[in-house]
Amino acid sequence: TIERPARKVHIHSIILEQVQLPEVTICVRCSSGVYIRSLAHDVGQALGCGAHLKALVRQASGTFTLDEAITPAAFETAVTEDRWAELLYPLDAALRALPATTLDQATARRVRQGQAVRLTLDPLSLSADAAPRCRAYDAQGRLAAVMLYRPASGLWQPDQVFTA
């Protein structure tokens with residue numbers, strides 16, 4: 001028996017897509033941390049017949065979807081043709097879900113030095129998370145930092161800083 005640590009996760013939906021016994025195809029929309037293999041096992045135990053995965057396809061991770069993916073062969077071709085850089089996303093693409101704010105020049109300098117600052121963003125309206133985050137851009141539109149709200153001080157602390 002392999003011990004699996006308990007963790008809080010969310011299953012947003014499970015859609016039964018196809019039944020051709022003994023195989024069943026489902027689509028699961030869930031939070032990070034969900035072990036789909038464990039879910040299959042648990043469903044099999046509940047049904048009294050056992051279950052395991054025959055295949056697993058991640059259709060999305062955050063804001064990135066399988067529709068946006070390229071094949072390894074397409075990437076190899078792009079490398080051979082020296083156009084691989086065209087396939088890269090900008091640095092902040094993975095942060096699209098976070099709200100954004102623009103900093104004036106003096107505040108951007110302070111943030112890049114790791115100093116906490118006051119922002120006009122209302123942290124309570126941004127997220128139900130205990131520690132809301134946002135993207136902070138300098139006046140030239142460059143990503144300066146990912147900021148973390150500190151309720152005790154009422155300030156936004158740079159969590160990840162990016163140099164110009």
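Since we're looking at a predicted model, the values are computed, not measured.

J.: Even after reading the chapter, I still don't get the layout of surface pockets, so can you show me in this structure?
T.: Over the atoms rolls a probe the size of a water molecule, and in doing so it shows where empty space is left. Taken as a whole, the largest pocket spans an internal volume of roughly 1,500 Å³. Forming the walls of the largest pocket are 41 residues, and the residues nearest its centre are Ile 26, Val 28, Ile 36, Leu 53 and Leu 56. When residues of the lining of the largest pocket are traced back to their parent elements, those giving at least two are strand S1 (11–20), strand S2 (23–30), helix H1 (36–47) and strand S3 (60–61). A class-by-class count of the residues in the lining of the largest pocket yields 23 nonpolar, 13 polar and five charged. One number sums up the size of the second largest pocket: a volume of about 210 Å³. Lining of the second largest pocket is provided by Arg 4, Pro 5, Ala 6, Arg 7, Val 9, Ile 11, Gly 33, Val 34, Tyr 35, Ser 38, Leu 39 and Asp 42. A per-element tally of the lining of the second largest pocket places H1 first, with three residues.

J.: I keep staring at the side chain of Asp 92 and nothing clicks. Help me out?
T.: Structurally, Asp 92 is set in the loop between helix H2 (72–80) and strand S5 (100–102). No salt bridge is formed by the buried Asp 92, whose closest oppositely charged neighbour, Arg 135, lies at an N-O distance of 4.3 Å. Dropping the residues within four chain positions of it, Asp 92 is found in contact with Arg 135, Tyr 137 and Leu 143.

J.: Help me understand the state of the cysteines, please; the structure alone is not making it clear to me.
T.: Working definition of a disulfide: a covalent bond connecting the sulfur atoms of two cysteines. Applying the stated rule across the entire model yields zero disulfides. Cys 27 provides the cysteine sulfur closest to Cys 30, a residue in no disulfide bond, and the two sulfurs are 9.3 Å apart.

Conventions adopted
Residues numbered from 1 in each chain as written. Predicted model: local features only at pLDDT ≥ 70, side-chain atom pairs only at ≥ 80, totals over all residues. Heavy atoms only, no water. 1 Å grid on protein atoms, 1.4 Å probe; cavity = no way out; pocket = protein on both sides within 12 Å on 5 of 7 lines; lining within 4 Å. Points joined across faces, edges and corners; volume = space filled by probe spheres on them. Helix = DSSP H or I, 4+ residues; strand = E, 2+ residues; numbered from the N terminus. Nonpolar A, V, L, I, M, F, W, Y, C, P; charged D, E, K, R; others polar. Buried < 20%, exposed > 50% of the residue type's maximum accessible area, 1.4 Å probe, protein only. Lys, Arg positive; Asp, Glu negative; His and termini not counted. Salt bridge = Lys/Arg side-chain N within 4 Å of Asp/Glu carboxyl O. Contact = heavy atoms within 4.5 Å. Disulfide = S-S within 2.5 Å.

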